[in-house]
Amino acid sequence: MSTAFTSLVAELAAALAAAPALAGGRIGINRLRPIPAGQSTAIVLRLERSNGSEFVLGTLRWNTTILVECYARAVAGSDPAAAVDDLLQSTWQRLAAFRADLLGADVCIDPMIKWDYDDSETPVVCAAIQLTASQSTSTSSLQAQL
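The structure reproduced in this document is the subject of the present report. Remember, it's a predicted structure, so these values are computed and weren't measured experimentally. (Residues numbered from 1 in each chain as written. Predicted model: local features only at pLDDT ≥ 70, side-chain atom pairs only at ≥ 80, totals over all residues. Heavy atoms only, no water.)

1. Remarks on the packing of aromatic side chains
1) Next: According to the stated counting rule, one finds 1 aromatic pair in the structure shown.
2) Next: Look at Phe5 and Trp62: their rings are 5.2 Å apart centre to centre, the planes differ by 85 degrees, and that puts the pair in the edge-to-face class. A residue pair is termed long-range when its members are at least 10 positions apart, and Phe5 in helix α1 (residues 4-17) and Trp62 in strand β3 (residues 59-73) qualify at 57 residues.
3) Next: Since its relative accessible area comes to 14%, Trp62 is described here as buried. (Phe/Tyr/Trp six-rings, centres within 6.5 Å; stacked < 30°, edge-to-face > 60°. Helix = DSSP H or I, 4+ residues; strand = E, 2+ residues; numbered from the N terminus. Buried < 20%, exposed > 50% of the residue type's maximum accessible area, 1.4 Å probe, protein only.)

This is the structure:
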C-alpha cells in the first residue's frame, strides 16, 4: 500500500509520461542523479515536505510541497535557460491540466520557478516548478481518503 504522498507523485509522473511523453520519457521520482550523462533532458519530481493538521475529528489534512524539476543540457556558449524553455512550457501545461480531484486531492501550481545552473563542459540548467498539494488521510493511516 502506498501513502497518499507517493501515490500522488506517481500519478503526476504518469501524467508527464503520457503520450507524447515529455523529456523523451525520462521522468524520475526523487532521483539523486537527475540527468545522466548522454541525455539532453529529464524531469524529476521530488517530495519536499508534508505538513498535517486535524481537519475533522479523525481526519488529517495534509499540505505537501512537490518540486517538478525540468533539466536540459545546453550547448557550451549558449543561453542555458533557452535549452530548457520548451520542456518547461510543456511541463507547466501538463501540470495545469492535471486532474488531482479524481485522486481526492487538490494541486495548485505555485507561481514561482526556481532556476539553477551548473557550469560544466556541457552546461545543465534546472527550472523547478513548485506545487502545493492538499489531501486527507485518517489519523490512523497515511492512505488518501477519496
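2. Considering the sheet that holds strand β1 (residues 27-29)
1) Next: The strand order across the open sheet built from 5 strands is β1-β2-β3-β5-β4, with neighbouring strands paired in mixed fashion. Strands with a single pairing partner mark the edges of an open sheet, and in this sheet they are β1 and β4 (105-118). The sheet shows a mean angle of 25 degrees between the axes of neighbouring strands, direction not considered.
2) Next: One ladder, built from 15 bridges, connects β3 with strand β5 (residues 124-138); its direction is antiparallel. Each residue of the ladder has a partner; that of Asn63, found in β5, is Ser134.
3) Next: Against the sheet, α1 makes contact with β1, β2 (41-56), β3, β4 and β5, and its axis sits at roughly 145 degrees relative to β2, the strand it touches most. (Pairing = 2+ DSSP bridges. Axes fitted to C-alpha atoms, helices over the stretch in contact; angles between N-to-C directions. Contact = heavy atoms within 4.5 Å.)

3. Observations concerning α1
1) Next: For α1, which comprises 14 residues, the first-to-last C-alpha distance of 20 Å matches the rise-based estimate of 20 Å (1.5 Å per residue) to within 8%.
2) Next: Contacts made by the buried residues of α1 are with β1, β2, β3, α2 (80-97), β4 and β5. (Expected span 1.5 Å × (residues − 1).)

4. Side note on the pairing of β2
1) Next: For β1 and β2, the ladder comprises 3 bridges, and the chain directions are parallel. Looking across to β2, one finds that Ile27 is bridged to Ile43.
2) Next: Note: β2 against β3, 14 bridges, orientation antiparallel. Pairing of Leu45 across the sheet is with Val68, part of β3.

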